[in-house]
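Understanding the architecture of this molecule
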Amino acid sequence: MRIPLVQIDAFADSLFEGNPAAVMPLDRWLSDDVLQKLALENNLSETAFLVRCQNDGEAPPDPGSPAYELRWFTPAIEVDLCGHATLAASSYLFDDVHGDARVLQFSSRSGWLTVTRSDDGLLTMDFPAEPPVRSEIDPVIARALGADVLEAHRATDLIYVLKDAEAVRNVNPDMTVLASLPVRGVAVTASGEGTGFDFVSRWFGSQAGIPEDPVTGSAHCQLAPLWAERMGRTEMTARQMSPRGGTVAVRLAGDRVFLSGRCVRYLEGTVVLPD
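Residues numbered from 1 in each chain as written. Predicted model: local features only at pLDDT ≥ 70, side-chain atom pairs only at ≥ 80, totals over all residues. Heavy atoms only, no water.

1. Quick notes on the overall build of the chain
We count it as follows: Secondary structure elements follow DSSP: runs of H or I no shorter than four residues count as helices, runs of E no shorter than two count as strands, and numbering proceeds from the N terminus. Each radius of gyration reported is based on C-alpha atoms, and the globular scaling rule is 2.2 Å times the count of residues to the power 0.38. Only protein chains enter the accessibility calculation, which uses a 1.4 Å probe; a residue whose area is less than 20% of its type maximum is buried, one above 50% is exposed, and one in between is partly exposed. Method for areas: the Shrake-Rupley scheme with a 1.4 Å probe, in which residue coverage is limited to the protein chains shown. Only four residue types enter the charge count, namely Lys and Arg as positive and Asp and Glu as negative; His and the chain termini do not. Every charge is mapped to an atom, namely NZ of Lys, CZ of Arg, CG of Asp or CD of Glu.
Within the chain, the regular secondary structure consists of 6 helices and 18 strands. Its C-alpha radius of gyration of 18 Å places the chain within 12% of the 19 Å reference for a compact globule of 275 residues. On the principal axes, the C-alpha backbone points of the chain span a range of 50 × 40 × 35 Å. In the chain, which comprises 275 residues, the proportion classed as buried is 56%. Accessible surface, the chain as shown: approximately 12200 Å² in total, 48% of it carbon and sulfur. Looking at charge distribution, the chain has the averaged site of its 23 positive side-chain charges lying 2 Å from that of its 38 negative ones.

Laid out in structure tokens, this is it:
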């Protein structure tokens with residue numbers, strides 16, 4: 001069996017920026033064990049697996065646009081939602097398979113997702129918003145982050161608000177402590193004052209097999225409602241301040257978050273599996 005493999009930098013304006021993801025289109029679903037082993041072998045924060053939707057499955061919202069089943073695997077686990085790998089998968093499909101399409105649809109563990117392409121190539125994902133809930137600051141986590149924490153919030157991830165962008169940039173967490181937490185990941189965030197961005201963040205997902213994710217689209221489904229309420233705005237530009245760095249344009253619309261970015265292709269190849 002031969003499977004195409006494309007590696008794409010998502011939320012990137014140039015090569016070696018943003019978050020690299022592997023995209024592997026399949027003719028049919030392989031076993032979960034094989035999918036997990038492929039993701040581990042790829043050794044990227046996420047691998048996106050795609051299978052074209054069949055007529056006997058759930059009908060997509062728009063029968064006129066291409067529809068795929070989409071699953072995401074880290075090297076350690078399957079996840080419910082991944083932004084950058086969805087962006088990368090869409091970039092592959094728009095460029096290599098559906099050159100005339102303007103909208104792609106994905107059936108996922110988080111429901112139906114859509115990605116649109118503008119005339120200038122900007123890709124926009126329609127994802128569910130996840131407003132975080134204010135919680136108590138855990139002193140153990142605060143010490144593990146090595147930063148002065150102003151607030152704590154909880155959604156899929158723990159979100160710790162720091163005093164400014166420089167504090168976010170300088171966080172050097174104790175990964176052993178973060179990996180022991182019963183949560184997918186920990187995000188640190190602050191106002192982007194002085195950076196040219198509305199807010200900034202970093203995201204650590206040790207338990208998901210990702211010590212630090214370069215750019216995390218799903219985290220912005222939680223960060224967008226938090227900062228929209230604080231800033232009184234629904235459209236913002238965010239910067240994830242990982243060593244690679246990446247920019248995410250966000251727009252909050254009710255219970256949905258629209259995340260926009262660009263992609264740069266890095267690698268094309270073929271994986272050969274035993275029949």
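2. So, the pattern of salt bridges
Where side chains of opposite charge bring their charged atoms close, a pairing between them can arise. The condition is simple: Here, a salt bridge means any side-chain nitrogen of Lys or Arg that lies within 4 Å of a carboxyl oxygen of Asp or Glu.
Scanning the entire structure with this criterion turns up 18 salt bridges. Between Glu78 and Arg109 there is a salt bridge, with its nearest N and O atoms 3.0 Å apart. One end of the pair, Glu78, is in strand β5 (residues 78–79); the other, Arg109, is in the loop between β6 (103–108) and β7 (111–117), with 31 residues separating them in the sequence. Residue classification places Glu78 among the buried positions, given a relative accessible area of 19%. In this structure, the salt-bridge partner of Arg230 is Glu151, at a minimum N-O distance of 2.0 Å. You can see Arg230 sitting in helix α6 (residues 217–231) and its partner Glu151 sitting in strand β10 (residues 149–154), a full 79 residues away along the chain. The exposure class of Glu151 is buried, given its relative accessible area of 15%.

3. Notes on the packing of aromatic side chains
In plain terms, the rule: Between 30 and 60 degrees the pair is tilted, below 30 it is stacked and above 60 it is edge-to-face, where a pair is any two Phe, Tyr or Trp rings, Trp via its six-membered ring, whose centres lie within 6.5 Å. Two thresholds decide whether a charge sits over a ring: the Lys NZ or Arg CZ must be within 6 Å of the ring centre and within 35 degrees of the ring normal.
Under the criterion given, the structure shown has 3 aromatic pairs. Pairing Phe49 with Phe73 gives two aromatic rings, centres 5.7 Å apart and planes at 80°, and the pair type is edge-to-face. You can see Phe49 sitting in strand β3 (residues 47–52) and its partner Phe73 sitting in strand β4 (residues 67–73), a full 24 residues away along the chain. Here Phe49 and Phe73 have matching classes, each one buried. Here the aromatic rings of Phe199 and Trp227 are separated by 5.9 Å at their centres, their planes lie at 10°, and the arrangement is stacked. Linking Phe199 in strand β13 (residues 199–205) with Trp227 in helix α6, this pair joins segments that are 28 residues apart in sequence. Looking at Phe199, the relative accessible area reads 0%, which means it is buried. Here the basic side chain of Arg71 rests over the ring of Trp29, its NZ or CZ set 5.2 Å away from the ring centre. Against the face of Phe258 rests Arg251, its NZ or CZ located 4.2 Å from the ring centre.

4. Here we look at the environment of Ala238
Filter applied, for reference: It only takes one pair of heavy atoms within 4.5 Å for two residues to be counted as in contact.
With respect to the secondary-structure elements, Ala238 resides in strand β15 (residues 235–240). Residue classification places Ala238 among the buried residues on the basis of a relative accessible area of 0%. Taking C-alpha positions, Ala238 is 6.2 Å from Ala249, a pair spaced 11 residues apart along the chain. Beyond its immediate sequence surroundings of up to four residues, Ala238 is in contact with Phe197, Phe199, His220, Gly246, Thr247 and Val248.

5. Let's talk about unusual backbone geometry
Phi at Phe11 is positive, roughly 55°, even though this residue is not glycine. When you line up the elements, Phe11 lands in the loop between β1 (2–10) and β2 (19–26). Of note, Phe16 is a non-glycine position whose phi angle comes to about 70°, a positive value. Along the chain, the position of Phe16 falls in the loop between β1 and β2. For Phe16, a relative accessible area of 57% puts it in the exposed group.

6. Notes on helix α1 (residues 32–42)
Threshold: Directions from the helix axis toward the C-beta atoms define the arc.
Burial in α1 covers these residues: Leu35, Gln36, Leu38, Ala39 and Asn42. An end-on view of α1 places all buried positions within 160° of arc, on one side of the element. Among the exposed residues of α1, those pointing more than 90 degrees away from its buried face are Lys37, Leu40 and Glu41.

7. A closer look at the nonpolar core
Put simply, the test is: Nonpolar core, defined: a set of buried Ala, Val, Leu, Ile, Met, Phe, Trp, Tyr and Cys residues in which side-chain atoms within 4.5 Å join the residues together.
Core analysis: the largest hydrophobic core is formed by 51 residues, its most contacted members being Leu50, Trp72, Phe106 and Leu259. In this structure, Leu145, Ala147, Val186 and Phe204 belong to the second largest nonpolar core, which totals 23 residues.

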